[in-house]
Amino acid sequence: IVLGLHRIACRDIWPDVTIVIDVDAATAMARRHATHDVDRIDAETLDFHTRVREEYLALAALEPQRIRVVDGNASIDVVAKRVGQALSPALDVLF
């Protein structure tokens, strides 16, 4: 589903690096509901969010050079540092 939607929306153009900030669906939903207004996607079921997470993790397993999974089960500062570390190899190539 995720790949199909990407192909439609992005006309098969792919980023050099994709970061997936991974947390279990229940934690992600609780964080979202605690800090923001809930939109249509946020209001979906836990099962829906679990399936979406699994899709992204499956894509990451297929393309580990392009899709980097970052553990999001930490403070914002720690997760930001992990994202920077995940991006570092790609940025080294550019600069």
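Residues numbered from 1 in each chain as written. Predicted model: local features only at pLDDT ≥ 70, side-chain atom pairs only at ≥ 80, totals over all residues. Heavy atoms only, no water.

### Comments concerning the overall build of the chain
Summing up its helical and strand segments, the chain has four helices and two strands in all. Listing every helix and strand of the chain by position from the N terminus yields α-β-α-α-β-α. For the C-alpha atoms alone, the extent of the chain along its principal axes is close to 40 × 35 × 20 Å. Across the 95 residues that make up the chain, the buried fraction comes to 21%. Sequence separation of 24 or more characterises 58% of the internal contacts of the chain that already satisfy a separation of 6 or more. Approximately 7,000 Å² of the chain is accessible, and the part contributed by carbon and sulfur atoms is 60%. Each charge sign in the chain was given a centre, from 11 positive and 15 negative side chains, and these centres are 2 Å apart. (Helix = DSSP H or I, 4+ residues; strand = E, 2+ residues; numbered from the N terminus. Buried < 20%, exposed > 50% of the residue type's maximum accessible area, 1.4 Å probe, protein only. Contact = heavy atoms within 4.5 Å. Areas by Shrake-Rupley, 256 points an atom, 1.4 Å probe, with all protein chains shown as cover. Lys, Arg positive; Asp, Glu negative; His and termini not counted. Charge placed at Lys NZ, Arg CZ, Asp CG, Glu CD.)

### Looking at the confidence of the model for the chain
Low pLDDT marks stretches whose predicted atomic positions should not be read closely. In this model, the chain carries an average pLDDT of 89, and 98% of its residues clear a pLDDT of 70 or more. Strand S2 (residues 67–71) holds the highest mean pLDDT among the elements of the chain, 97, whereas helix H1 (residues 2–10) holds the lowest, 79. (pLDDT = per-residue confidence, 0-100.)

### Concerning the pattern of salt bridges
Counted by the stated rule, this structure contains five salt bridges. Taking the shortest distance from any N to any O, the salt bridge between glutamate 63 and arginine 66 comes out at 2.8 Å. The salt bridge involving aspartate 71 is made with arginine 82; its shortest N-O contact spans 3.8 Å. Of this pair, aspartate 71 sits in strand S2 while arginine 82 sits in helix H4 (residues 76–94), and the two are 11 residues apart along the sequence. (Salt bridge = Lys/Arg side-chain N within 4 Å of Asp/Glu carboxyl O.)

### Thoughts on a nonpolar patch on the surface
A grouping of Ile1, Leu5 and Ile8 is seen on the molecular surface, where their side chains present a nonpolar patch of about 390 Å² in accessible area. Relative to the assigned elements, isoleucine 8 resides in helix H1. On the basis of relative accessibility, which here comes to 67%, the residue isoleucine 8 falls in the exposed class. (Patch = residues over 30% accessible without salt bridge, like charges linked within 9 Å, V, L, I, M, F, W, Y side chains within 5 Å.)

### Digging into the environment of aspartate 16
Along the polypeptide, aspartate 16 turns up in the loop between H1 and strand S1 (18–22). Judged by relative accessible area, which is 67%, aspartate 16 ranks as exposed. For the pair aspartate 16 and alanine 90, spaced 74 residues apart in sequence, the C-alpha separation works out to 8.0 Å.

### With respect to helix H3 (residues 46–62)
Because an α-helix packs 3.6 residues into every turn, residues spaced three or four apart end up facing the same way. Taking 1.5 Å per residue as the helical rise, H3 with its 17 residues ought to reach 24 Å, and the 24 Å between its terminal C-alpha atoms agrees with that figure. Taken residue by residue, H3 has His49, Leu59 and Ala60 as its buried positions. For H3, the angular spread of buried residues about the axis comes to 105°, placing them on one side. More than 90 degrees from the buried face of H3, the exposed residues found are Ala61 and Leu62. (Expected span 1.5 Å × (residues − 1). Arc of directions from axis to C-beta.)

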